[in-house]
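Reading the structure
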Amino acid sequence: MVINSEYMRQLLLERERFDNPPDYTVKITGVGIARFVIRCNNNVNEVLNLAKRVLVIVNYNSEPTWPSFEQWLKILPDEFINNCAPELSKSESEEKIAYRRTLPWEKQVSLEKNKKWSLGNWLAWLEPDTREWFWWNAHKFDGEIENTHFLVEVTALDDPFSSGALKWLFKACGAIDVISTDDL
């Protein structure tokens, strides 16, 4: 797997932002910032800290070579892994897809929105040749929602970009919902 120079640049910038969050004067990288509101069950700090921990591990293990699935099982936090769906065989996956196609469209959309991702599916979207977003910053709220909501900003390499893996990251870390501010 070849890592392109823009991916590598974003990976290094992301590392810096984990420890030193940018302020509003820092020039945006990528094509811009995407914002997501994360809704939690009175556990903002736990969800945010676990999500950052997972991303730091992914970042520092993304190069020079992408780890095997077995290696990811050893280095990612159990709290994250245990919230992922079981890995399915090809035939199990095909059966599940065939079943969903028999359902009314509204039910298919609902199932898709609420489905758990397997670790393998999630990791596939974080590999160097498919990853489209990188951590920018997180902001906690004050007042009534300080322990139930926070805002995450990512920089994207493309617009629009696929945000499913980002949303699953937070859900597998304990979030109830993840909503793009574009959808509000």
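Preceding block: the structure.
For the structure given in this document, a descriptive report is provided here.

With that out of the way, let us pick up the environment of Glu 92. By secondary structure assignment, the location of Glu 92 is in helix α5 (residues 90-101). Here Ser 89 takes part through its backbone nitrogen, which lies 2.8 Å from a polar atom of the side chain of Glu 92.

What follows deals with the packing of helix α1 (residues 5-19) against helix α2 (residues 44-60). Interaxial distance between α1 and α2 falls to 10 Å at its minimum, and their mutual angle equals 145 degrees. Relative to α2, α1 is oriented so that their crossing is left-handed. Each of Leu 11, Glu 14, Arg 15 and Phe 18 in α1 lies in contact with α2, whose residues at this interface are Lys 52, Leu 55, Val 56, Asn 59 and Tyr 60. For the contact of α1 with α2, the residue count by class is 5 nonpolar, 1 polar and 3 charged.

Next up on the list: the pattern of salt bridges. Tallied over the full model, the rule gives 5 salt bridges. A salt bridge links Glu 63 to Arg 15; the shortest N-O distance between them is 2.8 Å. With Glu 63 in the loop between α2 and α3 (69-75) and Arg 15 in helix α1, this residue pair connects regions lying 48 residues apart in the sequence. A relative accessible area of 14% means that Arg 15 is categorised as buried. Where Glu 79 meets Arg 53, a salt bridge forms, and the shortest distance between an N and an O atom there is 3.6 Å. In this pair, Glu 79 sits in helix α4 (residues 78-81) while Arg 53 sits in helix α2, placing the two residues 26 residues apart along the sequence. Classification of Glu 79 as partly exposed rests on a relative accessible area of 41%.

With 6 of its 8 residues buried, strand β2 (residues 133-140) lies for the most part within the structure. Pairing of β2 with strand β3 (residues 149-156) involves 7 bridges; the strand directions are antiparallel. Pairing of His 139 across the sheet is with Leu 151, part of β3.

Reading the values: rules and limits
- Residues numbered from 1 in each chain as written.
- Predicted model: local features only at pLDDT ≥ 70, side-chain atom pairs only at ≥ 80, totals over all residues.
- Heavy atoms only, no water.
- Helix = DSSP H or I, 4+ residues; strand = E, 2+ residues; numbered from the N terminus.
- Polar contact = N/O pair within 3.5 Å; in protein donor to acceptor, adjacent residues only side chain to side chain.
- Axes fitted to C-alpha atoms, helices over the stretch in contact; angles between N-to-C directions.
- Left-handed = near helix turned anticlockwise from the far one by under 90°.
- Contact = heavy atoms within 4.5 Å.
- Nonpolar A, V, L, I, M, F, W, Y, C, P; charged D, E, K, R; others polar.
- Salt bridge = Lys/Arg side-chain N within 4 Å of Asp/Glu carboxyl O.
- Buried < 20%, exposed > 50% of the residue type's maximum accessible area, 1.4 Å probe, protein only.
- Pairing = 2+ DSSP bridges.

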